[in-house]
Amino acid sequence: MLQSLITLSDQDIEVVITAVRQWCTKNHCEIDSNDGRRALTLAIDLVQNSARDRLLQNMTERLCSRSGQMDAKTSGAS
């Protein structure tokens, strides 16, 4: 993950860190938690694939859909 982060420009790193901090605050988790690391990995992927616009919104949609799928699996719903 850090190797991917260092390949970004300073501006892109700032965009990633800001979006991840906002996402973590909104979702009541720490950046160094498992969820925080997933958010960071996703944010880096999105920025590397030129998805800078609406980064926080894209992260929220993708991370929440994964959580919803996992919740459904653990509750026995299909």
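A positive phi angle, close to 55°, is found at histidine 28, a residue other than glycine. Along the chain, histidine 28 falls in the loop between α2 (10-26) and α3 (34-48). Judged by relative accessible area, which is 73%, histidine 28 ranks as exposed.

Let's shift gears to α3. With 15 residues, α3 ought to run about 21 Å at 1.5 Å a step, and its terminal C-alpha atoms sit 21 Å apart, in line with that. Buried within α3 we find Gly36, Ala39, Leu40, Leu42, Ala43, Ile44, Leu46 and Val47. Just beyond α3, the residue with positive phi is serine 50, at close to 60°.

Here the focus is the nonpolar core. Ranked by internal contacts, the top residues of the largest apolar core, which has 19 residues, are Val16, Val20, Trp23 and Met59. If you tally residues by element for this core, the top one is α3, at seven residues. Among all residues touching valine 20, those that are not within four sequence positions of it are Ile31, Gly36, Ala39, Leu40, Ala43 and Met59.

For side chains bearing opposite charge, pairing can occur when the charged atoms are close. Tallying each qualifying case throughout the model produces one salt bridge. The salt bridge partner of arginine 38 is aspartate 35, with a shortest N-O separation of 3.0 Å. Taken together, the residues arginine 38 and aspartate 35, both in helix α3 and three residues apart, mark about one turn of the helix. In this structure arginine 38 comes out as partly exposed when scored by relative accessible area, which is 25%. Owing to a relative accessible area of 34%, aspartate 35 belongs among the partly exposed residues under this scheme.

Right, let's talk about the packing of α2 against α3 for a bit. Axis separation between α2 and α3 bottoms out at 9 Å; the angle between their running directions is 145°. As α2 runs across α3, the sense of the crossing is right-handed. Across from Asp12, Val15, Val16, Ile17, Val20, Trp23 and Cys24 in α2, the residues of α3 making contact are Asp35, Gly36, Ala39, Leu40, Ala43, Ile44 and Val47. In terms of residue class, the contact of α2 with α3 is built from 11 nonpolar, one polar and two charged.

Rules used in this analysis
Residues numbered from 1 in each chain as written. Predicted model: local features only at pLDDT ≥ 70, side-chain atom pairs only at ≥ 80, totals over all residues. Heavy atoms only, no water. Helix = DSSP H or I, 4+ residues; strand = E, 2+ residues; numbered from the N terminus. Buried < 20%, exposed > 50% of the residue type's maximum accessible area, 1.4 Å probe, protein only. Expected span 1.5 Å × (residues − 1). Core = buried A, V, L, I, M, F, W, Y, C linked by side-chain atoms within 4.5 Å. Contact = heavy atoms within 4.5 Å. Salt bridge = Lys/Arg side-chain N within 4 Å of Asp/Glu carboxyl O. Axes fitted to C-alpha atoms, helices over the stretch in contact; angles between N-to-C directions. Left-handed = near helix turned anticlockwise from the far one by under 90°. Nonpolar A, V, L, I, M, F, W, Y, C, P; charged D, E, K, R; others polar.

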